[in-house]
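# A look at the structure
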Amino acid sequence: MSPTVEDSISLPAPVLAAYSYCETVTGSEARNFAYGIRLLPVAERRAMSALYAFSRRVDDIGDGTLAPEVKADRLGATRDILDRIRDGKVDEDNTDPVAVALADAARRFPIPLGGLDELIDGVLMDVKGVTYETWDDLKLYCRCVAGAIGRLSLGIFGPAPGAPQTEKAAEYADTLGLALQLTNILRDVREDAGNGRTYLPADDLAKFGCSDGFDGPHPPAGSDFAGLVHFEVRRARALFAEGYRLLPMLDRRSGACVAAMAGIYRRLLDRIERDPLAVLRGRVSLPGHEKAYVAVRGLSGFDARQIGRQAGRRRA
């Protein structure tokens, strides 16, 4: 059962302050994510902010400039915090607001905290400089850093009571996470290259003559960069189509949250498809008014109804 608004109002002051800190982090660091979760009820929104703030801490360690061995140590310390949360050993007067908020959220919702262990595992792959030969290899990474977040989120807003085929909800949430992560990889291909990272599978890069990498605003000489991007866009679209089957399983506001976040990334994918070279020139993003439109569309339930009708036709 979800917590009520009264439950959230009666939270102790240190816990409210911890949630407020996490919401500030989310609003300033994750604008796409924030557009979606603002559609949730208060308790769920706070819990999602706590989940984001902890995940952001893990990502920031991996993206920072520290030596790999120091990053590994800090990720280990972060895992220790997660273990303390799991064991109920983080009190409301703890000096770490993210730990306080996530511990409270975990008491209130059936959050599968093991997903955050997977996130740490995925970031450790970055720290170790793991590269990906095939899509199956990359999928493993994406499931750690994004699919796990989908499953964790499902623990907060869960399938609606009486929704059909809810046994597949976690699978669809995981797949939707993969779709979002692959979109991120396409959007950030030049930025990642500048940080010495290549996420796209080596066999895909070789197929389109892009094995030399991306170190400037122009693709490798003689490559079919547009062909590579369109190939990965089709893969991402297939993942979105599968993951969107989650929407009819959610209540109206939870479905609106997921539809808004996924809708923003689908529109990013549209922009990338129309102008593949844009990802080499700079960061592709959506203006605020377009994100707001996507959020309103999600709140209307249009996407969930559309997916539900498509699923009904497939069953027929």
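Because the structure is predicted, anything quoted here is derived from the model rather than measured.

### Description of the overall build of the protein
The secondary structure content of the protein amounts to 16 helices and zero strands. Expressed as a percentage of its 316 residues, the buried residues of the protein come to 51%. At a minimum sequence separation of 6, the contacts of the protein that also span at least 24 residues come to 72%. Total accessible area on the protein stands at roughly 14,500 Å², and carbon and sulfur atoms take up 51% of it.

### Comments concerning the packing of aromatic side chains
Enumeration over the complete set of coordinates arrives at six aromatic pairs. Ring geometry for Tyr-141 against Tyr-199: centres 5.3 Å apart, planes inclined by 25°, an arrangement best described as stacked. With a gap of 58 residues between them, Tyr-141 in helix α8 (residues 135–157) and Tyr-199 in the loop between α10 (189–194) and α11 (202–207) connect regions that are remote in the sequence. Summarising the aromatic geometry, the rings of Phe-208 and Phe-231 are spaced 5.7 Å apart at their centres and angled 45° between planes, so their arrangement reads as tilted. Pair noted here: Phe-208 is in the loop between α11 and α12 (225–243) and Phe-231 is in helix α12, with a separation of 23 residues, a long-range link. Phe-231 shares its class with Phe-208; the two are buried. By way of ring pairs, the aromatic residues Tyr-132, Tyr-141 and Tyr-199 are connected into one cluster. The ring of Tyr-244 carries the charged tip of Arg-266 above its face, separated from the ring centre by 4.9 Å.

### Overview of the nonpolar core
Counting residues in hydrophobic clusters, the biggest one holds 102 residues, and the most contacted among them are Leu-116 and Phe-240. Among the elements that line this core, the one with the most residues is α8, at twelve residues. Apart from residues lying up to four places away in sequence, Phe-240 is in contact with Leu-176, Ala-179, Leu-180, Thr-183, Ala-262, Tyr-265, Arg-266 and Leu-269.

### Quick notes on the environment of Arg-108
With respect to the helices and strands, Arg-108 occurs in helix α6 (residues 97–108). Along the backbone, Arg-108 and Ala-43 are 65 residues apart, and their C-alpha atoms lie at a distance of 9.0 Å. Side chain to side chain, Arg-108 and Asp-104 meet in a polar contact 2.9 Å long.

### Focus on the packing of α8 against helix α9 (residues 169–187)
At their nearest, the axes of α8 and α9 sit 7 Å apart, and the two run at 120° to each other. Relative to α9, α8 is oriented oblique. Between α8 and α9 lies a crossing of right-handed hand. Classifying every residue of the contact of α8 with α9 gives 14 nonpolar, four polar and four charged.

### A short note on the pattern of salt bridges
Should their charged atoms come close, side chains of opposite charge can pair. With the rule as written, the count across this model stands at 26 salt bridges. For Arg-107, the salt bridge is made with Asp-104, and the minimal N-O distance between the two is 3.8 Å. Pair noted here: Arg-107 and Asp-104 are both in helix α6, with a separation of three residues, about one helical turn. Between Glu-273 and Arg-237 there is a salt bridge, with the nearest N and O atoms lying 2.8 Å from each other. Of this pair, Glu-273 sits in helix α13 (residues 252–274) while Arg-237 sits in helix α12, placing them 36 residues apart in sequence. It is possible to trace a salt-bridge network through shared partners that takes in Arg-79, Asp-83, Arg-86, Asp-117 and Asp-121.

### Quick word on α6
A rise of 1.5 Å per residue sets the reference length of α6, with its twelve residues, at 16 Å; its end C-alpha atoms lie 17 Å apart and thus fit the reference within 8%. Every buried residue belonging to α6 is among Val-98, Ala-99, Val-100, Ala-101, Leu-102, Ala-103, Asp-104 and Ala-105, and all of these are buried. Tucked into the core, α6 has its buried residues touching α2 (13–29), α4 (42–63), α5 (68–86) and α7 (114–127). Taking the backbone nitrogen of Val-98 as reference, a side-chain oxygen 3.1 Å away marks Asp-96 as the first, capping residue of α6.

### Quick word on the packing of α4 against α8
It is at 9 Å that the axes of α4 and α8 come closest, and there the two elements cross at 155°. As summarised for this structure, α4 and α8 are arranged roughly antiparallel, according to the angle between their axes. Between α4 and α8 lies a crossing of right-handed hand. Contact with α4, carried on its side by Glu-44, Ala-47, Met-48, Leu-51 and Ser-55, involves Ile-149, Leu-152, Ser-153, Ile-156 and Phe-157 of α8 and no other residues of that element.

### Describing unusual backbone geometry
In the Ramachandran plot, Gln-165 falls in the positive-phi region, its phi being about 55° despite a non-glycine side chain. Assignment of secondary structure puts Gln-165 in the loop between α8 and α9.

Basis of the calculations
Residues numbered from 1 in each chain as written. Predicted model: local features only at pLDDT ≥ 70, side-chain atom pairs only at ≥ 80, totals over all residues. Heavy atoms only, no water. Helix = DSSP H or I, 4+ residues; strand = E, 2+ residues; numbered from the N terminus. Buried < 20%, exposed > 50% of the residue type's maximum accessible area, 1.4 Å probe, protein only. Contact = heavy atoms within 4.5 Å. Areas by Shrake-Rupley, 256 points an atom, 1.4 Å probe, with all protein chains shown as cover. Phe/Tyr/Trp six-rings, centres within 6.5 Å; stacked < 30°, edge-to-face > 60°. Lys NZ or Arg CZ within 6 Å of the ring centre and 35° of its normal. Core = buried A, V, L, I, M, F, W, Y, C linked by side-chain atoms within 4.5 Å. Polar contact = N/O pair within 3.5 Å; in protein donor to acceptor, adjacent residues only side chain to side chain. Axes fitted to C-alpha atoms, helices over the stretch in contact; angles between N-to-C directions. Parallel < 35°, antiparallel > 145°, perpendicular 65-115°, else oblique. Left-handed = near helix turned anticlockwise from the far one by under 90°. Nonpolar A, V, L, I, M, F, W, Y, C, P; charged D, E, K, R; others polar. Salt bridge = Lys/Arg side-chain N within 4 Å of Asp/Glu carboxyl O. Expected span 1.5 Å × (residues − 1).

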